[in-house]
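Structural overview for review
The residues making up each chain are set out below.
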Amino acid sequence: MMKAVETLPAGYKEYYSIDLQKNKKAAFFVNAAAIVIAVLLVVPMNFAVPISSLFILDSGYIIRFVALAFFSVVYMILHELVHGIAMKSCGTKKIKYGFTGLYAFAGSNDYYDKKSYIYIALAPIVLLGIIIAIINFVVPVEWFWIVYFIQVINLSGAAGDLFVTVKFSRFPKDILIKDYGVSMTVFYKE
């Protein structure tokens with residue numbers, strides 16, 4: 001069972017630290033990755049369902065674009081709530097939610113083992129990705145791109161989660177991670 005711990009156990013020392021808000025190189029990489037992911041999702045899909053279907057001028061045209069804006073915000077809130085639910089399922093008692101102007105986040109003062117942290121990082125991508133994909137299959141064609149853009153936001157907007165998942169996967173097995181929201185510190189056992 002995955003569990004969060006409130007106190008850093010004896011014998012652990014700082015191994016790595018990253019602040020996606022302050023580390024310009026990492027922030028650039030994460031944001032560039034987000035753009036690449038978005039392009040890789042949009043361009044091929046245009047051949048399956050032409051993006052021109054988004055611009056069908058009918059009575060629902062304005063409603064679709066208002067819905068896209070509304071559901072984009074709802075998605076971002078749900079993404080962080082799913083991180084929070086995953087943290088709670090690991091035993092975290094108090095979760096901090098916030099928005100820095102660039103990033104929305106869920107964080108805590110707890111320490112997570114590697115497996116728990118990767119579960120927390122990937123939970124919204126997987127859970128919301130499946131739900132959005134199902135919705136995408138059942139909506140009419142003029143709504144396809146509205147829903148699909150939420151999926152693009154799901155996958156490209158999670159570039160930071162994917163970045164830390166890949167990075168931390170390469171670290172020693174017994175690491176503990178403290179996620180403050182947009183910054184993380186990794187500790188290893190000496």
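Quick summary incoming for the structure in this document. (Residues numbered from 1 in each chain as written. Predicted model: local features only at pLDDT ≥ 70, side-chain atom pairs only at ≥ 80, totals over all residues. Heavy atoms only, no water.)

**Some details on the overall build of the chain**
Quick note on the threshold: Elements are defined by DSSP. Helices are runs of H or I of four residues or more, strands are runs of E of two residues or more, and each kind is numbered from the N terminus. The contact criterion used throughout is that any non-hydrogen atoms of two residues lie within 4.5 Å. Only the protein chains shown count as covering a residue, and every accessible area follows the Shrake-Rupley method with a 1.4 Å probe.
Along the backbone of the chain there are 5 helices and 7 strands. Traced from its N-terminal end to its C-terminal end, the chain shows the element sequence β-β-α-α-β-β-β-α-α-α-β-β. Taken over the C-alpha atoms alone, the chain extends approximately 65 × 30 × 30 Å along its principal axes. Sequence-distant contacts in the chain: of pairs separated by 6 or more residues, those separated by 24 or more amount to 74%. Counting only carbon and sulfur atoms, one obtains 71% of the accessible surface of the chain, whose full area is about 10500 Å².

**Looking at a nonpolar patch on the surface**
Operational definition: The patch calculation keeps residues exceeding 30% relative accessible area without a salt bridge and links them within 9 Å when they carry like charges or within 5 Å when they are nonpolar (Val, Leu, Ile, Met, Phe, Trp, Tyr). Put simply, a salt bridge is a Lys or Arg side-chain nitrogen that is within 4 Å of an Asp or Glu carboxyl oxygen. Summary of the burial criterion: residues with accessible area below 20% of their type's maximum are buried, those above 50% are exposed, and those between are partly exposed, where the area comes from a 1.4 Å probe applied to protein chains only.
A cluster of nonpolar residues, Val73, Ile77, Leu78, Leu81, Ile85 and Tyr97, forms a patch on the protein surface that exposes about 550 Å² of accessible area. The element best represented in the nonpolar patch is helix α2 (residues 61-89), accounting for 5 residues. Considering the arrangement of structural elements, one finds Val73 in helix α2. What makes Val73 partly exposed here is its relative accessible area of 46%.

**Overview of the packing of aromatic side chains**
Heads up, the condition is: Side-chain rings of Phe, Tyr and Trp (the six-membered ring for Trp) are treated as a pair once their centres are within 6.5 Å; stacked means planes under 30 degrees apart, edge-to-face means over 60, and tilted covers the remaining angles.
As enumerated under the stated definition, the model contains 13 aromatic pairs in all. Relative to Tyr148, the ring of Trp145 has its centre 5.3 Å away and its plane inclined at 85 degrees; by these criteria the two rings are edge-to-face. Residue Trp145 and its partner Tyr148 are located together in helix α4 (residues 141-156), separated by 3 residues, close to a single helical turn. These aromatic residues form a ring-pair network of at least three members: Tyr15, Tyr16, Tyr117, Phe168, Phe171 and Tyr188.

**Digging into the environment of Ser17**
Stated precisely, the cut-off is as follows: Two N or O atoms count as a polar contact when they lie within 3.5 Å, although within protein this holds only if one can serve as hydrogen donor and the other as acceptor, and sequence-adjacent residues are included solely when both atoms are side-chain atoms.
Assignment of secondary structure puts Ser17 in strand β2 (residues 12-19). By relative accessible area, Ser17 is classed as partly exposed at 41%. Sequence-wise, Ser17 and Ala86 are 69 residues apart; in three dimensions their C-alpha atoms are separated by 22 Å. Ser17 has contacts with Met184 and Thr185, leaving out every residue within four places of it along the chain. A polar contact is formed between the side chain of Ser17 and the backbone oxygen of Met184, at a distance of 3.5 Å.

**So, the packing of helix α1 (residues 24-48) against helix α5 (residues 159-169)**
Operational definition: Interaxial angles span 0 to 180 degrees and are taken between N-to-C directions of axes, which are lines fitted to C-alpha atoms, for helices over the stretch in contact. Orientation labels follow simple angle bins: below 35 degrees gives roughly parallel, above 145 gives roughly antiparallel, 65 to 115 gives roughly perpendicular, and whatever is left gives oblique. Here a crossing is called left-handed whenever its near helix is offset anticlockwise from the far helix by less than a right angle, and right-handed whenever the offset is clockwise.
Two elements in contact, α1 and α5, have axes separated by 9 Å at closest approach and are oriented at 115 degrees. One finds that α1 runs roughly perpendicular with respect to α5. Where α1 crosses over α5, the handedness of that crossing is right-handed. Of the residues in α5, those touching α1 at Phe29, Val30, Ala33, Ala34 and Ile37 are Ala159, Gly160, Leu162 and Phe163.

**Some remarks on the pairing of strand β6 (residues 176-179)**
Here is the rule we go by: When DSSP finds two or more bridges between two strands, those strands count as paired.
Side chains Leu176 and Lys178 of β6 all project onto a buried face; the interleaved residues Ile177 and Asp179 project onto the opposite face, where all are buried too. Examined bridge by bridge, strand β5 (residues 111-113) and β6 share 3 bridges and lie antiparallel to one another. Its bridge partner lying in β6, Tyr111 is registered against Lys178. With 4 bridges connecting them, β6 and strand β7 (residues 183-189) associate as antiparallel partners. When the sheet's bridge partners are listed, Lys178 is paired in β7 with Thr185. A loop of 3 residues connects β6 with β7, the two strands running antiparallel in sequence, and Gly181 in this loop sits at a positive phi of about 135 degrees.

By themselves, these are just geometric observations and shouldn't be taken as functional.
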